[in-house]
Structure formats: C-alpha cells, structure tokens
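Residue-level structural notes
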Amino acid sequence: MTGKATSEAPVSGPEETTPAKVPITEPSGEVVTSESTGQEQAQEPQEPGSQALGSIAPTAPAATKSAPPSEDVPSAPLKLTVEDVSHSSLTAMCWSSAEREVTSEWVPVNAQPIMVTQQTMRNLALGDKFFLRVTAVSSAGSGPPAVLDKPVHIQEIIGKAPLHLQLSIPNGTHGQVVLPRMALLCQGKPKPQASWTHNGHELDSKRVNVRSGDQDSILFIRSAQRCDSGRYELTVRLEGLEAKATIDILVIEKPGPPSSIKILDVWGCNAALEWTPPQDTGNTELLGYTVQKADKKTGQWFTVLERYHPTSCTVSDLIIGNSYSFRVFSENLCGLSDSATTTKELAHIQKTEITAKPREFTERDFSEAPSFTQPLADHTSTPGYSTQLFCSVRASPKPKIIWMKNKMNIQGDPKYRAMSEQGICTLEIRKTSPFDAGVYTCKAINVLGEASVDCRLEVKASATH
C-alpha cells in the first residue's frame, strides 16, 4: 500500500534474498512491519474470490507481472487515497476491493488477500517516504494495480485540535493591568505561529505586549483605558492549518454622580425625591443608586436605600421639627461614584398645629386645720444617751410646729433639735439627764386652726452593782 521514496536501485529479480522490513497485518485489519526475505516476497496468493492484496516499495514502482488473459480479471481499484498519516503509521483506503501484489521490488503488507477496502500499517520509520499500490484479485487472477502518484511522508503529528479560550481576568479596570490568556491545545512541531488583532486592526506595540509559547499565548495591556475595549482575535497557523478564537474585553471604571436631584414634596414625616441618571456610567451598566439623608443639626449622613434602581423615591420616618438634606450616589461593578449629587434646598418637617381644649372641672379645696395622725408616745430614757420623740400631723396650708416642755417653749435651746419633713415631726434631746424629764408638747398652727399632742419623758439612772 505504500512505497518508500529513496534513491536505492531496484532489485533485478525475484531470486534476490535481501531482507526487507515488512509490515505485518494485525487481526483488526492493521499491519506491523517485520523482516522478510525475497522468497517470501515472491509468494502470490491463491485464494479464490475478488479480494485485495497490497504492497509497499522502498524504491520507485517497477513493471508488474502480467496476469493471464481472462474476461473475469478485475480492473484496477478506483480512487486510492491515504486517509491518515501519523509519526509511525498510515491508513490507506480505496473504493473497491484490492490485492497487494508481491514482487521483488515491493514489500507485501498483508500475506493473504483481504475483503475490506481500508488498511493501516504501523511501526514505520519516522521521516521515510513510501509508494503505495493496491491490486484487485479474483479466481481468474490479478488485475492491474492502482498506484499513488506521490510518495507518503511519515512525519510528526500536527495538532488539529480546536483552540480553547481561557481568561485569567474577564474585565479590566481603568489604570490597571489586563491579562487575558489564550490556551492553545495543539501538539506537534514546528511551533505554532500566533498573531493578535484588536477590532480587526494590528495591536499597538507601545501599549500592548504579547508573549506566545508552545501551548499558550498571553496578551498584556498595561494601564488599560476605555479605548482598549473591544474584540480581540487570536489566529494560530501551523503547517498550513489555521484556527481562530475571539474574546471581548470591556474596560470599566467608576460612574459619575447623578446629573441633578430635587425634592418634589414634603408631607407629614415623608419627603419625595427625584434625580436624573449620570451622564457617564463608567462604560458598563449601573447596579443602582445609594440614597442618604442628613439632618441639619448633626450633619451626619445615613444610608436610606442601597442599589435602588428607579430614579425617584420617598424617604419616610423623618423626625418632626428637623430639616433634612439628601444626596444620591451612582454604583456599578467598580463601586460607588466618587462624589454624590446633593439637594440644594432643605426638607423641613413641620409640627402639626394642635388646638388644646381644656376640660371643665371643679377645683377641689384641700385646705384643712392641723390634725395629728400619730400622737406622741410616753418614753423612758437612760441618762447620758440621746433620745427622740416622734409624731405626725396633716394640715393645709403647711402648719408651724412648736415644741414645749412643761408648757414652756424650748425653740432655740441648743440641747434640743426639732425637725419636720413631709408631716413627720421629730424632737431630739441630746444626752438626757434627770433634769430633762417632764411633759413635752408638740403644737401645729395654721390659718385654719391649731392642734397639739403631749407625752411624758422619764429619765432613770441605770442600776449599779
């Protein structure tokens, strides 16, 4: 089926026994090369039926042995082609049955005729070139062979796998490095030739760098700008083969603030706002708006809404009596805008006017003359120890309290200390002595009258042993 194209001279006759490397047929229809002699090459098959027999030659094809004339002799196989060639094998295919005829100048591929129209030969030497011929054979004999016009070259596999795209960074940001990476799943030699284009034009070598290896090609864009957005196409060429892959790169940055904002209405504890979208969205879609409020007293900003998509809103739960300012930020994938648009006027939350209607009622008169709710109690004291006398009085207006001993006023005497709080009257007698014994009186006086209570104090010396 194949012939090696070399400069060796053809063998003169079938009696030569020079060994040759012969492909051996495998059970699956494939063959593996092995060593054989010229006598083995001269064998001709005797199998009946229309079958195929092939051979390969290390030199140019020579004249074949003519078959006996017969009307049943098959013609040459049609459209003999090579389906696949690897670094150590080749696969041939034709449209009709074929026979591999063995001569002194051709190396047989299969020892017996085969019925299939496809054959694979393995273990061929890398770099060799082979001629290929196939002959159809029947019970009447062999027909003329079909020979390839050009030799088949056994060479390295050239990858035909499609390009697969892998990106290390899908989107760049303004002022940063964009590093898209293309992985080329190709095998074989020589090294693939890779080239990049941006929107169909060549790259600017001053700003864009490309590094290509055996299996990948990396594109670097330093200090990315919006003009670097667009479609990048990678073209790989290898031994006449070509593959392309494209990626779309979008360079984005923070958006600008909304163009304008105004307060539409203020009622109760609510304020209605409206604003217009920013003129610059940062070269990408907006994720929404952030609305904040600040009262005039503190000036601190608090977020009311985040990633809010409409361009109008109502801010509620405002405090009555305060005045508020509002501002709005734009937001995209890069974050919030560097500045915000703030309302020029304030929203004043007014107090609602309420008219109080006093209820009619009769004022009660709580005035009363003094009366003691708790009288004084008789008390016994020990000489040298202080003692206290208690009583409680109720009166309106507040009464004047007078303490007396044996009907004599003792106000201002430093031995006694009088106190009155919340109607509780107290008289403290410091370091009592037998002289302090007697009748003590507490008198309460106001404009409505007076009242008094008495008690007896006894001072007894302690028993001595």
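Going by the structure above, here's the rest.
Residues numbered from 1 in each chain as written. Predicted model: local features only at pLDDT ≥ 70, side-chain atom pairs only at ≥ 80, totals over all residues. Heavy atoms only, no water.

1. Examining the overall build of the protein
For the protein, the helix and strand inventory stands at one helix and 40 strands. Across the 465 residues that make up the protein, the buried fraction comes to 38%. Of the contacts formed within the protein by residues at least 6 apart in sequence, a portion of 66% connects residues at least 24 apart. Accessible surface, the protein: about 27500 Å² in total, of which carbon and sulfur atoms supply 50%. (Helix = DSSP H or I, 4+ residues; strand = E, 2+ residues; numbered from the N terminus. Buried < 20%, exposed > 50% of the residue type's maximum accessible area, 1.4 Å probe, protein only. Contact = heavy atoms within 4.5 Å. Areas by Shrake-Rupley, 256 points an atom, 1.4 Å probe, with all protein chains shown as cover.)

2. What to know about the sheet that holds strand β16 (residues 193-198)
Taken together, four strands build an open sheet; the order of strands is β17-β16-β20-β21 and the sheet is antiparallel. This sheet does not close on itself; its edge strands, each paired only once, are β17 (201-202) and β21 (241-249). By the bridge criterion, nine bridges tie strand β20 (residues 230-238) to β21 in an arrangement that is antiparallel. Bridged to arginine 237 within β21 is glutamate 242. (Pairing = 2+ DSSP bridges.)

3. Notes on the pattern of salt bridges
All told, the structure shown has 12 salt bridges when counted by the stated rule. Between aspartate 228 and arginine 207 there is a salt bridge, and its shortest N-O distance comes to 2.7 Å. With aspartate 228 in the loop between β19 (216-221) and β20 and arginine 207 in the loop between β17 and β18 (208-212), this pair connects stretches of sequence that are 21 residues apart. Under the relative-accessibility criterion, arginine 207 is labelled partly exposed at 23%. As a salt-bridge pair, aspartate 436 and lysine 415 come within 3.3 Å of each other at their nearest N and O atoms. In this pair, aspartate 436 sits in the loop between β38 (424-429) and β39 (438-446) while lysine 415 sits in the loop between β36 (408-409) and β37 (416-421), placing the two residues 21 residues apart along the sequence. Judged by relative accessible area, aspartate 436 falls into the buried class, the value being 0%. Counted as one network, the salt bridges with shared partners bring together Arg226, Glu253 and Asp280. (Salt bridge = Lys/Arg side-chain N within 4 Å of Asp/Glu carboxyl O.)

4. Topic: the pairing of β39
When a strand is regular, its side chains alternate between the sheet's two faces. Here six bridges tie strand β35 (residues 400-405) to β39, and the two strands are oriented antiparallel to one another. Bridged to isoleucine 401 within β39 is alanine 444. Pairing geometry for β39 and strand β40 (residues 449-459), over nine bridges, is antiparallel. Bridge pairing in β40 links alanine 444 to alanine 451. Here β39 hands over to β40 after two residues, the two strands then running antiparallel side by side.

5. Observations regarding the pairing of β40
As paired elements, strand β33 (residues 379-381) and β40 share three bridges and run parallel to each other. Looking at the pairing, serine 381 lines up with valine 459 of β40.

6. Things to note about the side chain of asparagine 446
For asparagine 446, the location among the structural elements is in strand β39. A distance of 3.1 Å separates a polar atom in the side chain of asparagine 446 from the backbone oxygen of glutamate 368. Among the polar contacts made by the side chain of asparagine 446, one reaches the main-chain carbonyl oxygen of proline 397 at a distance of 3.2 Å. Excluding its chain neighbours within four sequence positions, the residues that come into contact with asparagine 446 are Glu368, Ala369, Pro370, Ala395, Ser396, Pro397, Lys398 and Pro399. (Polar contact = N/O pair within 3.5 Å; in protein donor to acceptor, adjacent residues only side chain to side chain.)

7. Here's the deal with the packing of aromatic side chains
In this structure the tally under the stated criterion is three aromatic pairs. Taking the centre distance of 5.7 Å and the plane angle of 70° together, the rings of tryptophan 275 and tyrosine 289 count as edge-to-face. Separated by 14 residues along the polypeptide, tryptophan 275 in strand β24 (residues 270-275) and tyrosine 289 in strand β25 (residues 288-295) bring together distant segments of the chain. You'll find tryptophan 275 and tyrosine 289 in the same group, each marked buried. Plain terms: the ring middles of tryptophan 275 and tyrosine 308 are 6.4 Å apart, the flat faces sit at 55° to each other, and that makes the pair tilted. Linking tryptophan 275 in strand β24 with tyrosine 308 in strand β26 (residues 301-308), this pair joins segments that are 33 residues apart in sequence. On the basis of relative accessibility, which here comes to 3%, the residue tryptophan 275 falls in the buried class. One aromatic cluster is present, built from ring pairs that chain together Trp275, Tyr289 and Tyr308. (Phe/Tyr/Trp six-rings, centres within 6.5 Å; stacked < 30°, edge-to-face > 60°.)

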